[in-house]
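Letter by letter, the chains look like this.
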Amino acid sequence: MELFVLVGLLILVSGLLAVIVGTVWWPLPSPAADGDDLVREVWPSGWPHEAPEQPFSVIEARQALRRHRPCHPDRCARKAAASRALRAAGYTDLDRE
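Read on for an overview of the structure. (Residues numbered from 1 in each chain as written. Predicted model: local features only at pLDDT ≥ 70, side-chain atom pairs only at ≥ 80, totals over all residues. Heavy atoms only, no water.)

Focus: the overall build of the protein
Looking only at helices and strands, the protein has 4 helices and 0 strands in total. Listing each helix as α and each strand as β along the protein from the N terminus yields α-α-α-α. Per-residue burial over the protein gives 20% buried out of 97 residues. For the protein, restricting intrachain contacts to residue pairs at least 6 apart in sequence, the fraction spanning at least 24 positions comes to 58%. Per element, the accessible surface of the protein, about 7,800 Å² overall, is 63% carbon and sulfur. (Helix = DSSP H or I, 4+ residues; strand = E, 2+ residues; numbered from the N terminus. Buried < 20%, exposed > 50% of the residue type's maximum accessible area, 1.4 Å probe, protein only. Contact = heavy atoms within 4.5 Å. Areas by Shrake-Rupley, 256 points an atom, 1.4 Å probe, with all protein chains shown as cover.)

Details of helix α3 (residues 58-67)
Here α3 has its buried residues at A61, A64 and L65. With its buried residues spanning 100 degrees around the axis, α3 presents them on a single face. Packed against the buried residues of α3 are α4 (77-88). (Arc of directions from axis to C-beta.)

Quick word on a nonpolar patch on the surface
On the surface, L17, I20, V21, V24 and W25 cluster together to form a nonpolar patch covering roughly 560 Å² of accessible area. Since its relative accessible area comes to 69%, W25 is described here as exposed. (Patch = residues over 30% accessible without salt bridge, like charges linked within 9 Å, V, L, I, M, F, W, Y side chains within 5 Å. Salt bridge = Lys/Arg side-chain N within 4 Å of Asp/Glu carboxyl O.)

Quick word on the nonpolar core
The biggest cluster of nonpolar side chains holds 8 residues, and these are F56, A61, A64, L65, A81, A82, L86 and L94. At the level of secondary structure, the elements contributing two or more residues to this core comprise α3 and α4. Here L86 is in contact with V58, A61, R62, L65, Y91 and L94, once residues within four sequence places are set aside. (Core = buried A, V, L, I, M, F, W, Y, C linked by side-chain atoms within 4.5 Å.)

Digging into the state of the cysteines
Applying the stated criterion across every chain, the model contains 0 disulfides. Between C71, a cysteine without a disulfide, and C76, which holds the nearest cysteine sulfur, the sulfur-to-sulfur distance is 3.9 Å. Relative accessible area serves as the criterion here: at 2%, C76 is assigned to the buried category. (Disulfide = S-S within 2.5 Å.)

Points about the packing of α3 against α4
Taken N-terminus to C-terminus, the directions of α3 and α4 make an angle of 140 degrees; their axes are 8 Å apart at the nearest point. Viewed along their axes, α3 and α4 adopt a mutual orientation that is oblique. Pair α3 / α4 crosses with left-handed handedness. The segment α3 lies against α4, with V58, A61, R62, A64 and L65 engaging K79, A82, S83, A85 and L86. Here the contact of α3 with α4 is composed, by residue class, of 7 nonpolar, 1 polar and 2 charged. (Axes fitted to C-alpha atoms, helices over the stretch in contact; angles between N-to-C directions. Parallel < 35°, antiparallel > 145°, perpendicular 65-115°, else oblique. Left-handed = near helix turned anticlockwise from the far one by under 90°. Nonpolar A, V, L, I, M, F, W, Y, C, P; charged D, E, K, R; others polar.)

Given below as structure tokens:
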């Protein structure tokens, strides 16, 4: 019976070791200087950086601005549209979004 306990502990320890090694060496995306590569890894190509078909509401614009925080407005039409919608609604301090 002690042999079964020893084998069980050995399997448990090796499983825990595999989990620890897997979590430490798992490849994590590294953010680029402007965040473009990071967003490209998260979203499919070409979406959602496109400008919306209809103007944003204030809530949608705030959400889009948060999602596209690492994007540069000159290269991300969605972030630029969100900024325009919030400025049109009277928001002036958009740096905090």
